[in-house]
Amino acid sequence: MHAPRVRFAPSPTGYLHVGGARTALFNWLFARRHGGTFILRIEDTDTERSSDEMVSGILESLHWLGLEWDEGPEVGGSHAPYFQTQRYARHREVGERLVAEGHAYPCYCSPDLLKQKREDAERQGLGWKYDRTCLHLALAERQRLEASGISPAIRFNVPPGRTAYTDRVRGAIQFDHDQIEDFVLLRSNRLPTYHLSVVADDLDMRITHVIRGDDHISNTPKHILLWQALGETPPEFAHVPLLLGTDKKRLSKRHGATSVTEYERLGYLSDAMVNFLGLLGWSPGGDREVMSRQELIDAFTLDGISGGDAVFNPEKLDWFNAQYLARLTPEGLVERVKPLLDAAGLWNAAFDGERREWLQRVLALVLSRVRRLPDFVEQARPFLADHVDYDPEAVSKYLAVAELDSHVETLALTLDRVEQWDEAAIECALRDVADIRSIKAATLIHAARIATTGKAVSPGIFEVLALMGKPVTVTRLLALAKFLQAS
C-alpha cells in the first residue's frame, strides 16, 4: 500500500462528540499503521451555527486524546487552507468546470416552487425528486431568466445507470441512479453544498481513504459520481458503525455525557478513552482489551471494523479508566490528583515535601475503589481532613450495640499503648479487647471503621489505621465514644 492520506473533517457546530472522536481515532490509527498522513479539516460551512469557540474545543479535545494531525489548523501544510469557508473560490471553480464540461447545469427553480411540487407529490402519496425542469432549457431561455435577475443554482446531471463500490467495512454496495436526484452543487447565492465542497477538498488534498460514519453511506454514490465526472479515481471508502447507548438507541445526551471535553472534566485518562474508543466496533482479534497506543496502531486494520453498531457502555469505560489509573506511577498519580485535592481544600504543603511518600501510600490504598480521578478526593478525604462526618446509615446499622461507647473507649486506650504501630500489632490489640470484653471482633472493626472514615466500607481496616497513624486513630475513636455517650 502506498502511504495513505486520510482526513477527519468535523463541523464546528458543537464540541467534539465521542462518535466523532472514534472516527478521528480510526483515521489516525490507519495513517500511523501505514506511515500515512492524518489531515484535520474544519468543515465550517454552516456559518450560522459554527463558532471559533467550537473550533477551539475540537482542537483541544484532539490534543487531549493525543490524536495529533500532520496537516491542518495550527500546523499548516502544503494543501492549505484547512477551513472549508476559506476554500469557496476553489469550490466555485470546480462547480463551473462541471457545468462547462456538461456534467452540471444551472437551475432557476425557486425554493417556493420546489416546495410546492414536493407537497403536491406528497398529497398524492408519491415520492418526489427534482424533475429536471431546467436540464433542457434553451440558451435563450436561460439568458432571459438571468436577465430578469434570477441567480441560478447549479445541479449535477446524474447519468443513467448505477454506482457500485466495495466498502472496506460494509462490502459490496450499489445504488441505482434512478434513486438519486440531480443534487445541488452551488446554491443560488454561489455558496457550495457539502457534496461539492467535500469532493473538491478531498481531491485537492489527495485523500486516498475516506473513513467516516455510516450515516454518510447514502452520500457516497453522489461523491463517486463527482470524482468520476472530474476524471479522477475515487478514494476507497470505509463506513464505520454508529455508536449506540446501552438501550441500543443512537447515542445522545440522554445516555449521559457525549462530548470529549466532558469526559476529560469527569476525570478520565486520555489513554483509557483512546483504548476504549478503539475497541468500539473494531477488534484486534483474540481477547485483548488493555492496549497501548502503539499496540492499537500495530494491530489496526480496516478489516477488523465490525459492520454492526457498537454500544457505548460507561461501565466499561470506567473499567478501562481504573486499569490505566492502576498503571500510573505513584508520582504520576499524585500529580494528577493534586489539583483536585487542592480544589477540595485537602492539599497540604507537606505533600510537596516530607509527607509525599505517605500521600502516595494513601492513594495506593484507595486505588482499588477508584474509577475516575475525582473519586480519589472522597476516598482519601478521611486521611486528609481534620475530622469525619458519620454516615447515618452506617451509624444505625453498626453502632446500635449495648455499651459500645465503653468498648470503643477501651479500644482507643489500648491502641494508644501499642508501641509498634503496624497492621499486625493493631489487629492483635483489637482482638484482645474483643476477647476481654466478650464481644465479637467485627463489632469493634465496624466501630473503628466508622470512627476513622465515617463510612461503613473502606479498604482493610488495619491497613487504614496503620496508615492513618496512632494519634489520629486514637483521637477519632475517643470522639466516637463521646458521640455514642451523647446519643
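Refer to the preceding data block for the structure.
Residues numbered from 1 in each chain as written. Predicted model: local features only at pLDDT ≥ 70, side-chain atom pairs only at ≥ 80, totals over all residues. Heavy atoms only, no water.

Caption draft 1: Layout of the packing of aromatic side chains. One pass over the structure, following the stated rule, counts 12 aromatic pairs. Their ring planes at 40° and their centres at 5.4 Å tell us that F26 and F300 sit as a pair that is tilted. On the criterion of sequence distance, the pair formed by F26 in helix α1 (residues 18-33) and F300 in the loop between α10 (293-299) and β11 (310-311) is long-range, its members being 274 residues apart. Among the residues examined, F300 registers a relative accessible area of 0% and is labelled buried. Both rings, one in Y165 and one in F237, keep their centres 5.9 Å apart while their planes meet at 65°; by these two values the pair is edge-to-face. Of this pair, Y165 sits in strand β5 (residues 162-167) while F237 is found in strand β9 (residues 236-240), placing the two residues 72 residues apart along the sequence. Judged by relative accessible area, Y165 falls into the buried class, the value being 10%. An aromatic cluster is present here, built from Y263, Y268, F276, F312, W319 and F320 joined pairwise through their rings. The side chain of R155 reaches across the aromatic face of Y130, ending 3.8 Å from its centre. Its end group placed over the ring of W319, K316 keeps NZ or CZ at 4.4 Å from the ring centre. (Phe/Tyr/Trp six-rings, centres within 6.5 Å; stacked < 30°, edge-to-face > 60°. Helix = DSSP H or I, 4+ residues; strand = E, 2+ residues; numbered from the N terminus. Buried < 20%, exposed > 50% of the residue type's maximum accessible area, 1.4 Å probe, protein only. Lys NZ or Arg CZ within 6 Å of the ring centre and 35° of its normal.)

Caption draft 2: Highlighting the sheet that holds strand β3 (residues 104-107). With antiparallel pairing, the 3 strands of this open sheet are ordered in space as β3-β4-β7. Either end of the sheet is taken by a strand with one partner, and the two such strands are β3 and β7 (184-186). Between one strand axis and the next, the sheet turns through 40° on average, direction left out of account. (Pairing = 2+ DSSP bridges. Axes fitted to C-alpha atoms, helices over the stretch in contact; angles between N-to-C directions.)

Caption draft 3: Here's a closer look at helix α14 (residues 375-384). Among all positions of α14, only F376, V377, A380, P382, F383 and L384 are buried. Residues of α14 that are buried make contact with α11 (314-326), α12 (330-343), α13 (356-366), α18 (441-453), α19 (461-468) and α20 (470-486). (Contact = heavy atoms within 4.5 Å.)

Caption draft 4: Unusual backbone geometry, seen in detail. In this structure, the amide linkage connecting A80 to the following residue, P81, adopts the cis form with an omega of 0°. Note that P81 resides in the loop between α2 (52-65) and α3 (88-100). At E74, a residue that is not glycine, the phi angle is positive and equals roughly 75°. Residue position: E74 is located in the loop between α2 and α3. A positive phi angle, near 75°, is found at R190, a position not held by glycine. Structurally, R190 is set in the loop between β7 and α6 (194-204). Overall, the relative accessible area of 26% leaves R190 in the partly exposed class.

Caption draft 5: Inspection of the pattern of salt bridges at higher detail. Under the counting rule described, the total for this entry stands at 29 salt bridges. Here D46 makes a salt bridge to R49, at a shortest N to O gap of 2.8 Å. By relative accessible area, R49 is classed as exposed at 53%. The closest approach of N and O atoms between D204 and R90, which form a salt bridge, is 2.7 Å. (Salt bridge = Lys/Arg side-chain N within 4 Å of Asp/Glu carboxyl O.)

Caption draft 6: Layout of the packing of α13 against α14. α14 packs onto α13 with a crossing angle of 130° between their chain directions and a minimal axis gap of 10 Å. The pairing of α13 with α14 is recorded here as oblique in orientation. As for the relative orientation of α13 and α14, their crossing is right-handed in sense. Contacts between α13 and α14 involve W358, L359, V362, L363, L365 and V366 from the first element and F376, Q379, A380, F383 and L384 from the second. (Parallel < 35°, antiparallel > 145°, perpendicular 65-115°, else oblique. Left-handed = near helix turned anticlockwise from the far one by under 90°.)

Caption draft 7: The arrangement of the packing of α12 against α13 in detail. It is the contact of α12 with α13, at a shortest axis distance of 10 Å, that shows an interaxial angle of 90°. On the basis of their axis angle, the class for α12 and α13 is roughly perpendicular. The segment α12 lies against α13, with P330, E331, L333, V334, E335, V337 and L341 engaging R356, L359, Q360 and L363. Here the contact of α12 with α13 is composed, by residue class, of 7 nonpolar, 1 polar and 3 charged. (Nonpolar A, V, L, I, M, F, W, Y, C, P; charged D, E, K, R; others polar.)

Caption draft 8: Main features of helix α9 (residues 270-278). Counted residue by residue, α9 has 8 buried out of 9 residues, so it is predominantly covered. Along α9, the residues that are buried comprise S270, A272, M273, V274, N275, F276, L277 and G278. The inward-facing, buried residues of α9 abut α1, α2, α8 (260-265), α10 and α11.

Caption draft 9: Focus on the side chain of D44. By the element assignment, D44 lies in the loop between β2 (37-40) and α2. This buried residue, D44, is left without a salt bridge; R41 holds the nearest opposite charge, at 8.7 Å. Among the polar contacts made by the side chain of D44, one reaches the main-chain amide nitrogen of Q84 at a distance of 3.2 Å. One polar contact links D44 to T85, side chain to side chain, over a distance of 2.8 Å. Residues in contact with D44, not counting those within four places in the same chain, are P12, S50, F83, Q84 and T85. (Lys, Arg positive; Asp, Glu negative; His and termini not counted. Polar contact = N/O pair within 3.5 Å; in protein donor to acceptor, adjacent residues only side chain to side chain.)

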